[in-house]
Amino acid sequence: MRRTRVACAARGAVAAVLAGGARYGPRDLLLTCSTSESYALLFKLLCSPGDQVLVPRPSYPLFEWLTRLEGVEAVPYALHYAGGWQIDLGELRQRLGPRTRAVVVVNPNNPTGNYLSAGELAELAAVCGRRVALIGDEVFHEYGWTDQPQVRIAEASQALTFHLGGLSKLVGLPQLKLGWIGVAGPAALRRAALRRLELIADNYLSVGAPVQLAAPRLLALGELVQQQLRARVRANRDWLVQHLRESGAPISLLEAAGGWSGVLRIPAPRGEEALALDLLDREQLVVHPGYFFDLGSGSHLVVSLIVPPEVLRAGVAAIERELARG
Ligand SMILES: Cc1ncc(COP(=O)(O)O)c(C=O)c1O
């Protein structure tokens, strides 16, 4: 099917912002209408019904649904917290089976905010080899909390690698509906995957022309949005660290390096869900209980760090009041 000039310009603009344009040309990319759609297209590309995809736990809660809707099984592998989050690579290796078609990593993970280390990425690429694809969701990559450079999924050059991103986080515009898949890795695998992905995507033609026309301009403005969001999230996080140190409240903020969320470990004798519902009823405060993300042992609340500073302060005061009620 003939690709329009508008789509080419949009792909060119996306390629230019991805890793400074170094790793992707416009032909190494596919446009989608969201990261969720990117996952759906990739599961169609890589899996037959009943195949498996390894997904991180804790992480973004949609994996279970996005896989199930494609007839695919999500098999979780663990991230453990010990003053920082790490992938349990031993467990991940054990979870790989004859029907594993892809390993999903979220870099940085949501909501835990840990980036992949260079060692983890190298291990993952080696584990995947040429048999299993690596899907790297980097929608939050630009939102690090320090200026330290972080590894990117496209550096795992020996595996067939899919790099997911979109306007939703890169420019803070989720409703414009533009996402993308950057394809990297061994040339023959990459070319075959791109040919088949084009065919799958052409059956839906889901990306609207207006957003493709606007993409070069929006992406050029994106850096301004990112600077403001990074500054807000970093200031909110710094305030939260200091406040919790000084307040003596029984709340600890888990270590992380990026993203838009803070994970609070809290005492919750009535359970995370009851606490979150009480905060909603009594304090009109929206927070997510840790189980939404499979945060596992202990009780957690996940709070947004992109809210205005006064909203974060009022929210933390509300959580402290609610915890004092027992
Ligand atoms: C890790 C992760 N991936 C993807 C998405 C969704 O992105 P999109 O709006 O492009 O579907 C989110 C939304 O919060 C997310 O947290």
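Residues numbered from 1 in each chain as written. Predicted model: local features only at pLDDT ≥ 70, side-chain atom pairs only at ≥ 80, totals over all residues. Heavy atoms only, no water.

Trainee: I'd love a proper account of empty space enclosed by the protein, names of residues and values included.
Mentor: Within the structure shown, the criterion is met by 2 cavities of 30 Å³ or more. As for the largest cavity, its lining consists of Pro56, Tyr77, Leu79, Ile87, Val105, Val106, Asn107, Asn109, Asn114, Tyr115, Leu116 and Glu120. Secondary-structure elements contributing two or more residues to the lining of the largest cavity are strand 3 (73–81) and strand 5 (100–106). Across the lining of the largest cavity, the residue classes break down as 8 nonpolar, 3 polar and 1 charged. As a volume, the second largest cavity reaches approximately 40 Å³. Together, 13 residues line the second largest cavity, and Pro111, Thr112, Leu254, Ala256 and Val263 are the ones closest to its centre. Considering each element in turn, the lining of the second largest cavity owes the most residues, 3 residues, to strand 10 (residues 261–266). Residues that form the lining of the second largest cavity fall into these classes: 6 nonpolar, 5 polar and 2 charged. (1 Å grid on protein atoms, 1.4 Å probe; cavity = no way out; pocket = protein on both sides within 12 Å on 5 of 7 lines; lining within 4 Å. Points joined across faces, edges and corners; volume = space filled by probe spheres on them. Helix = DSSP H or I, 4+ residues; strand = E, 2+ residues; numbered from the N terminus. Nonpolar A, V, L, I, M, F, W, Y, C, P; charged D, E, K, R; others polar.)

Trainee: Describe in detail the site of the ligand, supporting the description with residues and values.
Mentor: Neighbouring the ligand are the residues Ser34, Thr35, Ser36, Tyr60, Val106, Asn110, Asp137, Val139, Phe140, Ser168 and Lys169. Contact distances for the ligand include 3.3 Å between an oxygen atom and a backbone N or O atom of Ser36. The contact in question runs from an oxygen atom of the ligand to an N or O atom on the side chain of Ser168, over 3.0 Å. Bound to the protein, the ligand loses 86% of the 390 Å² it would expose on its own. Judged by the fraction of its atoms near the pocket grid, the ligand is located in the largest pocket. Those elements that provide at least two residues to the shell around the ligand are helix 2 (35–46) and helix 6 (167–170). Partitioning the shell around the ligand into residue classes produces 4 nonpolar, 5 polar and 2 charged. (Near = heavy atom within 4 Å. Polar contact = N/O pair within 3.5 Å; in protein donor to acceptor, adjacent residues only side chain to side chain. Areas by Shrake-Rupley, 256 points an atom, 1.4 Å probe, with all protein chains shown as cover. Sits in = over half its atoms within 2 Å of the grid points.)

Trainee: For the environment of Ile153, give the residues involved together with the corresponding values.
Mentor: Along the polypeptide, Ile153 turns up in the loop between strand 6 (133–137) and strand 7 (161–166). For Ile153, a relative accessible area of 0% translates into the label buried. In this structure, the C-alpha to C-alpha distance between Ile153 and Ala184, residues 31 residues apart in sequence, is 9.1 Å. (Buried < 20%, exposed > 50% of the residue type's maximum accessible area, 1.4 Å probe, protein only.)

Trainee: Any details on the packing of aromatic side chains? Residues and values, ideally.
Mentor: Evaluation of the coordinates by the stated rule reveals 7 aromatic pairs. A ring pair is formed by Tyr60 and Phe63, whose centres lie 5.8 Å apart and whose planes are at 85 degrees; its orientation type is edge-to-face. When its relative accessible area of 29% is taken as the criterion, Tyr60 is described as partly exposed. Residue class for Phe63 comes out buried when judged on its relative accessible area of 3%. Where Tyr143 meets Trp260, the ring centres are 5.3 Å apart and the plane angle is 75 degrees; that geometry is what we call edge-to-face. Of this pair, Tyr143 sits in the loop between strand 6 and strand 7 while Trp260 sits in the loop between strand 9 (252–253) and strand 10; the two residues are 117 residues apart in sequence, bridging distant segments of the chain. The exposure class assigned to Trp260 is buried, which follows from its relative accessible area of 14%. Ring-pair connections join several aromatic residues into one group, and the members of that group are Tyr39, Phe43, Tyr60 and Phe63. (Phe/Tyr/Trp six-rings, centres within 6.5 Å; stacked < 30°, edge-to-face > 60°.)

Trainee: How would you sum up the pattern of salt bridges? Please name residues and give values.
Mentor: In this structure the tally under the stated criterion is 19 salt bridges. Between Asp28 and Arg190 there is a salt bridge, and its shortest N-O distance comes to 3.7 Å. A residue pair is termed long-range when its members are at least 10 positions apart, and Asp28 in the loop between helix 1 (5–17) and strand 1 (29–32) and Arg190 in helix 7 (residues 187–202) qualify at 162 residues. You can call Arg190 partly exposed: its relative accessible area is 22%. Measuring nitrogen to oxygen at the nearest pair gives 2.3 Å for the salt bridge that ties Glu322 to Arg325. (Salt bridge = Lys/Arg side-chain N within 4 Å of Asp/Glu carboxyl O.)

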